Amino acid sequence: MRYSSNAPAIVYAAPGTKLSVLGAVLLLIAGCLLGIGHLIIELFSPIATEPSGVLTVHGNYVAAAIALGAIGGIAVIAGIAINSKLPASKKLRARVRAGIFDPRFGNPLHLRDGEVVPRVVCKETEAGRFEISISTLSSSVDEVAKLAECISARLCGRFSRYAVVLTEADVASNHVTFFVQDVTLHHEIEASSVEEMSPPSAYELRVQDGTNIDLRTSGSMLVAGKTRSGKTTGVIALLIQALLSGPDEYGSQVLIIDPKQAELSRLPHVVSLRPDGDAHAILEALALFAESIKKRQSVLNDRSAETGDAVHWWDAGFHVSVLFLDEYVALRTMFPKRASKEDPDYCLATFDGLVKRIVTMGASAGCYAIISIAEASVEEGGLPSMVRSACSTRILFRPTLPEARLIWDADRLADLAAPRTYGPGDAWFSSTDGVHDRISFVHFPVMRFRVYRELGRLLDLYFIK
Ligand SMILES: Nc1ncnc2c1ncn2[C@@H]1O[C@H](COP(=O)(O)OP(=O)(O)OP(=O)(O)O)[C@@H](O)[C@H]1O
């Protein structure tokens with residue numbers, strides 16, 4: 001199809017609308033024919049020498065009007081029926097095409113007369129989510145990507161709750177995909193008791209309805225966000241799920257390290273700094289966690305040798321083992337940069353070495369670190385690039401684009417649609433599980449029970465077992 005600056009609006013309408021308009025035109029013509037037939041009778045019957053001839057002509061007009069009226073009526077009804085049965089994706093496609101190509105809406109792609117109009121494909125990926133793909137046939141990727149606002153502006157009426165949340169160009173720059181979703185639809189989990197937080201399986205952690213972290217295909221997690229963004233509550237939602245799985249016989253742990261000496265550090269089995277700032281206990285706990293990875297891996301290796309095939313932790317009856325390092329950047333500053341002769345292991349290098357071992361080696365033995373940083377906008381050097389790249393699940397609470405740039409590569413963010421105003425528990429999330437590789441919006445569980453008390457109770461139960 002080619003662009004025309006004089007094209008009438010109907011050209012870009014949905015097929016049902018086109019049929020209804022055609023039906024309406026036929027009805028109009030039928031009305032005119034009836035009128036003409038009536039006029040013929042009125043004007044010519046008094047003066048005609050052969051009245052039967054006038055009646056025949058009138059009869060022909062009436063017959064034509066009835067035929068056209070019937071066809072027109074059927075076309076109008078069929079058009080309405082087609083429109084009502086049309087899938088939402090097709091309706092959205094028609095609306096977007098009109099918004100982009102109908103000259104009345106301003107020709108945002110600056111197409112010239114006779115130019116081929118880009119192909120628009122729209123599919124509904126799940127309830128309340130659509131992907132609109134527009135080819136870069138006659139315009140550059142940048143020009144097409146700028147259509148996000150124009151598309152959002154066309155999302156009115158039944159699509160008024162929808163917005164473009166992400167724009168992404170394909171690798172070959174052949175088309176740009178706009179991710180449109182119902183921004184009022186809530187997928188969040190609301191749990192009124194801790195039991196409702198049970199994980200769906202031994203290797204999955206629930207984030208929201210339809211979004212789980214699949215630990216089989218992802219590694220350690222990086223969690224960032226400003227203070228009061230819901231970061232700690234979000235991590236607790238994950239820890240509770242690990243605790244509800246219970247310990248296994250292979251040395252699984254739920255180890256919480258909280259250097260802030262805040263609410264978390266008051267819970268049982270949480271490792272914190274000594275009041276004088278000494279962090280030996282933290283290094284010891286990390287060393288034990290790293291040691292447990294070795295032991296678990298050797299169990300898996302023995303099983304693999306026995307069966308002659310790779311045995312995964314989730315097949316071997318292991319439960320997930322989690323290390324939560326709260327305020328990671330602040331925690332690093334607690335360790336001396338240089339060790340003393342008397343205590344050669346007490347230094348930042350030892351801490352970094354242990355964290356590196358855990359995040360790089362842990363996943364294959366079912367051991368995952370959750371590393372939280374208070375602000376994503378940490379100075380360079382605060383968040384070692386090794387940690388950033390090793391953490392394959394990344395979560396940013398109450399995100400802003402400048403913060404997101406420190407968590408994700410710029411090319412993955414360039415296409416994120418204008419950020420909205422986010423509240424506590426709102427986050428951008430990505431994971432390397434093949435499903436959530438693209439950054440998406442999530443809301444972490446709303447837990448309507450005494451979270452810290454339940455966390456403490458579950459920690460006690462976990463370590464008693
Ligand atoms: N998933 C959620 N949904 C709705 N509100 C939430 C959610 N998580 C947290 N909140 C609200 O946000 C407040 C701050 O949460 P939280 O303490 O987890 O933030 P934080 O980022 O860890 O802050 P800080 O760094 O100060 O500890 C909570 O008191 C709660 O009211």
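Residues numbered from 1 in each chain as written. Predicted model: local features only at pLDDT ≥ 70, side-chain atom pairs only at ≥ 80, totals over all residues. Heavy atoms only, no water.

1. What about the domain arrangement of the chain?
Quoted interface sizes are often the accessible area lost when the parts come together. Considered domain by domain, the chain is made up of domain 1 (9-85), domain 2 (88-182) and domain 3 (190-464). Placing a centre on the C-alpha atoms of domain 2 and another on those of domain 3 gives a separation of 38 Å. (Domains from an automatic or database assignment.)

2. Here's the deal with helix 1 (residues 15-44)
Taking 1.5 Å per residue, 30 residues should reach 44 Å; helix 1 reaches 43 Å between its end C-alpha atoms and fits that length. Every buried residue belonging to helix 1 is among Gly 16, Ser 20, Gly 23, Leu 26, Ala 30, Leu 33, Gly 37 and Ile 40, and all of these are buried. Its buried side turned inward, helix 1 meets helix 2 (51-85). (Helix = DSSP H or I, 4+ residues; strand = E, 2+ residues; numbered from the N terminus. Expected span 1.5 Å × (residues − 1). Buried < 20%, exposed > 50% of the residue type's maximum accessible area, 1.4 Å probe, protein only. Contact = heavy atoms within 4.5 Å.)

3. Looking at the UniProt feature "transmembrane region" (unreviewed entry) in the chain
UniProt marks residues 21-41 and 61-83 with the feature "transmembrane region" (unreviewed entry), using the numbering shown here. Regarding residues 21-41, the helix share stands at 100% and the strand share at 0%, and the terminal C-alpha atoms are separated by 30 Å. Span residues 61-83 is 100% helix and 0% strand, its end C-alpha atoms 32 Å apart. (UniProt positions renumbered as here; feature names shortened; annotations may be inferred.)

4. A word on the UniProt feature "binding site: ATP" (unreviewed entry) in the chain
Per the UniProt record, "binding site: ATP" (unreviewed entry) is found at Gly 225, Lys 226, Thr 227, Arg 228, Ser 229, Gly 230, Lys 231 and Thr 232. Inspection of the secondary structure assignment puts Thr 227 in the loop between strand 8 (221-224) and helix 6 (231-245). Given the relative accessible area of 65%, Thr 227 is considered exposed. Mapped onto the secondary structure, Gly 230 falls in the loop between strand 8 and helix 6. Classification of Gly 230 by relative accessible area gives buried; the value is 18%. Setting aside its immediate chain neighbours within four residues, Gly 230 contacts Phe 397 and Gly 425.

5. Structural notes on the sheet that holds strand 1 (residues 120-126)
Spatially, 4 strands are ordered 1-2-4-3 in an open sheet, and the strand pairing comes out antiparallel. Whereas interior strands pair on both sides, the edge strands pair on one side only; in this sheet they are strand 1 and strand 3 (162-169). Averaged over all neighbouring strand pairs, the angle between strand axes comes to 25°, with direction disregarded. As paired strands, strand 3 and strand 4 (residues 175-182) are joined by 7 bridges and run antiparallel to one another. Pairing of Thr 167 across the sheet is with Phe 178, part of strand 4. Here helix 3 (residues 88-101) sits on the sheet and contacts strand 1 and strand 2 (129-135); the angle it forms with strand 1, its principal contact strand, is near 145°. Docked against the sheet, helix 5 (residues 147-154) engages strand 2, strand 3 and strand 4, running at close to 155° with respect to strand 3. (Pairing = 2+ DSSP bridges. Axes fitted to C-alpha atoms, helices over the stretch in contact; angles between N-to-C directions.)

6. Considerations on the side chain of Glu 454
Within the secondary structure layout, Glu 454 lies in helix 13 (residues 451-464). Residue Glu 454 is classed as buried on the basis of its relative accessible area of 13%. Side chain to side chain, Glu 454 and Arg 457 meet in a polar contact 2.7 Å long. In contact with Glu 454, other than residues within four places in its own chain, are Val 194 and Phe 449. (Polar contact = N/O pair within 3.5 Å; in protein donor to acceptor, adjacent residues only side chain to side chain.)

7. Some thoughts on a nonpolar patch on the surface
Taken together, the side chains of Leu 39, Leu 43, Phe 44 and Ile 47 make up a nonpolar region of the molecular surface, amounting to roughly 430 Å² of accessible area. Within the secondary structure, Phe 44 is located in helix 1. Exposure remark for Phe 44: the relative accessible area of 42% places this residue in the partly exposed category. (Patch = residues over 30% accessible without salt bridge, like charges linked within 9 Å, V, L, I, M, F, W, Y side chains within 5 Å. Areas by Shrake-Rupley, 256 points an atom, 1.4 Å probe, with all protein chains shown as cover. Salt bridge = Lys/Arg side-chain N within 4 Å of Asp/Glu carboxyl O.)

8. Here we look at the pattern of salt bridges
Pairs may arise between side chains of opposite charge once their charged atoms sit close together. Under the defined criterion, the tally for this structure stands at 16 salt bridges. Of the charged contacts, one joins Arg 161 and Asp 182 as a salt bridge, the two residues approaching to 3.0 Å between their closest N and O atoms. Of this pair, Arg 161 sits in the loop between helix 5 and strand 3 while Asp 182 is found in strand 4, placing the two residues 21 residues apart along the sequence. What makes Arg 161 partly exposed here is its relative accessible area of 39%. Of the charged contacts in the structure, one is a salt bridge between Glu 190 and Arg 448, with a shortest N-O distance of 2.9 Å. Taken together, the residues Glu 190 in strand 5 (residues 190-191) and Arg 448 in the loop between strand 16 (446-447) and helix 13 connect sequence positions 258 residues apart. Relative accessible area serves as the criterion here: at 53%, Arg 448 is assigned to the exposed category. Several salt bridges share partner residues, and in doing so they unite Glu 195, Glu 454 and Arg 457 into one network.

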